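Examination of the molecular architecture
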Amino acid sequence: MGLTKQYLAYKPASCFNIIASGRANICFVALGGVDGRYVAVAGAEKVMVWNTRLGEKVLELMRDKQEVTFLRPSPDGKHLAVGYADGVVEVFSLEEKQSVCTFAAHRSAVSSLNYDIIGLKLVSGGLDNDLVVSDVVAQTGKCRLVGHNAPITQAFFMQKFHDVVVSSSKDTQIKFWNIETQSCFKTIVDHRTEVWGIALLRNDDFLVAGSGDSQLTVYKIAENSNNAVQEVTGGIDDLLLESESSSPFRCTQIGNIQRAGTGRTMNLVVEGNGQILGCHGTDKNIELFYFFNEDEALARLTKRLKKLDTKAKSKHSTNAAERQLSLTDEIKRLPTVAVPEKIKSFDILLGSRDELRICVTYVRNFIQLFNLNVAEKHAEPKSLHAIRQQGHSSEVRCVAFSSDNLAIASGSGESLKLWSRTSQSCLRTIETGYVVSCCFVPGDRHVLVGLKSGELLIVDIVIGEVIERIKAHEKELWSVVLTPDMRGCVTGGGDTTVKFWSFELIADPSRGKESEVKILSLLHKNVLKLEETVLCVRVSRNSKYIAVALLDSTVKIFFLDTLKFYLSLYGHKLPVLCMDISYDSNIIVTGSSDRSIKIWGMDFGDCHRSLIAHDNSITGMQFINKTHMFFSCAKDGRLKQWDADSFEKIITLPGHVGEAHNLAVSPNGKFVVTCGSDRTLRLFERTDEPLVLQDVQEEEREELENNTLATGDDSAVPGLPGLKLPSKKTVGSEKAAENILECLEVSKQFESEDNKNILPPLMYAYEATNTDDFLLSVLTRIRSSDLEESLLLLPFSAVCEILTRIPKLVQTRQDQTETICKVVLFLFRIHQKPIVANQVLLPTIQRIINTLQSAITEQRDMVGVNYHAMQMLQREVELNQGMNLFRDATKIRKQKDKRRRQKELSKRTFVQIST
């Protein structure tokens, strides 16, 4: 038996260059009791918390390889709800830096998240047109609200009206939902274009909606009392009256706010107290509006009426409509925040000294914090901090390693950055132009940069300046590579030429010709003219050959010294975008837009093997030094390692969210860095962990199987066609159903055996000594959000078996009464008809009812006794020690109750204002 080749595993080491993803929003978070300093943003699949004052990343939260699409902090500031592209909502604890609960809510990306006023419920909207209300405490979904015909854009809980959700959608409608009845009781159809955002202000007194035009529509929400409903007669009006009377409030359009910006409304953001509204469109301005409270609005009306009376005496009588409360009395426009770039999202926070903070993320990958004093009359917004040095403003197109493996150069659409490989910090930023290729010069002091304009730049990274610009090509300079003797370089461009250059030291022109200071320059030596555009150039290590990839899908090899034609490699169906030659100059590998990798021999130009390597165009490829193993990346985002001798794939590494543009392997072969369309640079490090190919292939097959549902995506139940669970079927729910069925089977076998002393291995693994504890252990280990879906997958025979075990479970395990109630109620709801029709189950059902009622009554009595006993102990301690326990919490609650009573007393008659 021959020896097998041993491979070492590469693992993800870090991810950098990303400051804020463009897909998700930004929000203020509180860390260590500090507000207004920390902001949470998405960084591809991670959630990052930045300290805006220091410009440092202080926290990272990660679930798995799914892009973050929405963020929302809880009202108490301790948790952060994160929506992902696969429809999952994860709640993280900011203190413990780990996940608290998970909700598999939607079938596609989450587009909106919001907590209720006390943070116990969470409503999420998705691109699947559905709304899902989840219970954060019970960690389960409450209901799914179906009615919109297009993706959800925003959803809120109403504060004044209990269990009411208002949502907007791209179907031009705004809907009001009752959670208890799981139905829509009011729909606003005033808009002709998509509703991109809604906002509730001033304790739900106003509803503001932004659509495809430059106006914001303002609605007044008033309680629907019998005295306020006017008598209306006649056909349609009767129907309207009936609809309004069935609603707890009336929502009437009272006017429009004309935005100063152009284009559609992009985002509507409300400050926490509901008094300040911020919005922005497609321009570079953030508009702010202040909503006065009722007393301030009446004071403004009184002041305006005095002016009207003065004018009426001098000129003419005023109109009656001018003497009513109008939007100008209720709303004041604050100074507009002018920003330097196109806005992606923003958030606002009002401080204790009327200081308004606005944090903004931009399309060009940076964060900026503004400050505005709301109380000051002529205040102007000021920029406090900006985080932009830690990342490129556009997608990175090329990367390169230094010869000492310590530095990484990356080029994007506007600059070249130098990174420390150990700390992933940015060392230098040089403004260059659109970079498409780069490489380090021997000595690692200079970097050669090829631009899209065809220029070749020599960059001194020590002083951070471009020391020379050479017009090398007339079109794009797609490839620049060093010669093996390290004395020059070769460039290939879109003008169908390959040019040869040599390094030389010349006197610094800025200091005069007689200066002794020398700087690096390039001397043009030779040119190779071809018929097609040059896409990639490589030189063999033995200095014999130069390989040129052309736009006609061929690779032509020439002798390096005479530039005579040697070989033509043809076989790709589409152009070759990348290639590399092995260290011994025996093998050349090529990657093409046809998704294939071909391995060729350099001696005869024969194709050793053709591999269908990726799912999209291959964009980067490089050998590991002194081996025949190489890495490849493609537009499918994946990074793969291959063996050119055995023609086998070694491993697939987690790549980019989107396309991968380029890769670079360090000279010592220990590190790999890739760049992609998600604006991240991902660093992979070689470990000492050996890889067995068969095990890796088996793991990849298992992962593929786990990602596909064995029972299909549909959760339909015979006899219940309208069933809409607030969860979706996942691999976890399928595995949980398998565990329940396996538990029932093992329990049946164990009960049928005579020898009860020998426990089955599965029961031993669950630390159960009897079948009842075994079943309960299996049920309690199922994630709360997967419990209903897993019970839905069980056959009716398994349901009957579970129900027969319930009475004994209730009596023996009263500590798990809540879980048992959940299981019983859900099974009864789903399988009601077959259970009722089954005469054998009737005695069992009766025992379940009796035992569960007594268990719940006992638990309720215990909770009541404990609650009142704690109150009695509190009174005794306060009486003996002369102090108030929980003084701060009691004071806050009393203040809230006082404000609520004042608002109820100051409610005035609703005045409709026509515009």
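Residues numbered from 1 in each chain as written. Predicted model: local features only at pLDDT ≥ 70, side-chain atom pairs only at ≥ 80, totals over all residues. Heavy atoms only, no water.

This next bit is on the overall build of the protein. Tallying secondary structure elements over the protein gives 13 helices and 57 strands in all. Reported as C-alpha extents along the three principal axes, the dimensions of the protein are approximately 105 × 100 × 70 Å. Counting the 915 residues in the protein, one finds 51% classified as buried. Put simply, of all contacts in the protein between residues at least 6 apart along the chain, 50% involve residues at least 24 apart. Of the roughly 44,200 Å² of accessible surface on the protein, 49% is carried by carbon and sulfur atoms. (Helix = DSSP H or I, 4+ residues; strand = E, 2+ residues; numbered from the N terminus. Buried < 20%, exposed > 50% of the residue type's maximum accessible area, 1.4 Å probe, protein only. Contact = heavy atoms within 4.5 Å. Areas by Shrake-Rupley, 256 points an atom, 1.4 Å probe, with all protein chains shown as cover.)

Taken in spatial order, the 4 strands line up as β1-β57-β56-β55 in an open sheet, and their pairing is antiparallel. If you trace the sheet from one side to the other, it starts and ends with β1 (7–16) and β55 (660–665), each paired once. Between one strand axis and the next, the sheet turns by 25° as a mean value, whatever way the strands run. With 5 bridges connecting them, strand β56 (residues 671–676) and strand β57 (residues 681–691) associate as antiparallel partners. Bridge pairing in β57 places Thr 674 opposite Arg 682. (Pairing = 2+ DSSP bridges. Axes fitted to C-alpha atoms, helices over the stretch in contact; angles between N-to-C directions.)

Taken together, the side chains of Arg 300, Lys 303, Lys 307, Lys 332 and Lys 377 present a region of like positive charge at the surface. By the element assignment, Lys 303 lies in helix α2 (residues 294–314). (Patch = residues over 30% accessible without salt bridge, like charges linked within 9 Å, V, L, I, M, F, W, Y side chains within 5 Å. Salt bridge = Lys/Arg side-chain N within 4 Å of Asp/Glu carboxyl O. Lys, Arg positive; Asp, Glu negative; His and termini not counted. Charge placed at Lys NZ, Arg CZ, Asp CG, Glu CD.)

With the rule as written, the count across this model stands at 38 salt bridges. Among the salt bridges present, the one from Glu 287 reaches Arg 333, with a minimum N-O distance of 2.9 Å. Of this pair, Glu 287 sits in strand β24 (residues 285–291) while Arg 333 sits in strand β25 (residues 331–333), and the two are 46 residues apart along the sequence. Residue classification places Glu 287 among the buried positions, given a relative accessible area of 2%.

Counting through the fold element by element, Val 449 comes out in strand β36 (residues 446–451). Judged by relative accessible area, which is 0%, Val 449 ranks as buried. Sequence-wise, Val 449 and Ile 820 are 371 residues apart; in three dimensions their C-alpha atoms are separated by 67 Å. Each residue touching Val 449, except ones within four places of it in the same chain, is listed here: Leu 416, Val 435, Ser 437, Cys 438, Glu 455, Leu 456, Leu 457 and Val 459.

What follows deals with the packing of helix α8 (residues 784–792) against helix α10 (residues 817–830). Running from amino to carboxyl end, α8 crosses α10 at an angle of 45°, the nearest separation of the two axes being 10 Å. One finds that α8 runs oblique with respect to α10. Helix-helix and strand crossings are classified by hand; for α8 and α10 the assignment is right-handed. Touching Leu 787, Glu 788, Leu 791 and Leu 792 of α8 are Lys 822, Val 823, Phe 826, Leu 827, Arg 829 and Ile 830, all from α10. The class makeup of the residues in the contact of α8 with α10 is 7 nonpolar, no polar and 3 charged. (Parallel < 35°, antiparallel > 145°, perpendicular 65-115°, else oblique. Left-handed = near helix turned anticlockwise from the far one by under 90°. Nonpolar A, V, L, I, M, F, W, Y, C, P; charged D, E, K, R; others polar.)

Moving on to empty space enclosed by the protein. Applying the stated criterion to the full structure yields 1 cavity of 30 Å³ or more. Each pocket or cavity is described by its volume, and for the largest cavity that value is around 90 Å³. Around the largest cavity, the lining residues are Phe 103, Ala 104, Ala 105, Ser 134, Thr 140, Gly 141, Pro 726, Ser 727, Ser 784, Ser 785 and Glu 788. Elements that contribute at least two residues to the lining of the largest cavity include exactly β9 (98–104), β13 (140–146) and α8. Among the elements that take part in the lining of the largest cavity, α8 stands out by supplying 3 residues, more than any other. Partitioned by chemical class, the residues of the lining of the largest cavity number 4 nonpolar, 6 polar and 1 charged. (1 Å grid on protein atoms, 1.4 Å probe; cavity = no way out; pocket = protein on both sides within 12 Å on 5 of 7 lines; lining within 4 Å. Points joined across faces, edges and corners; volume = space filled by probe spheres on them.)

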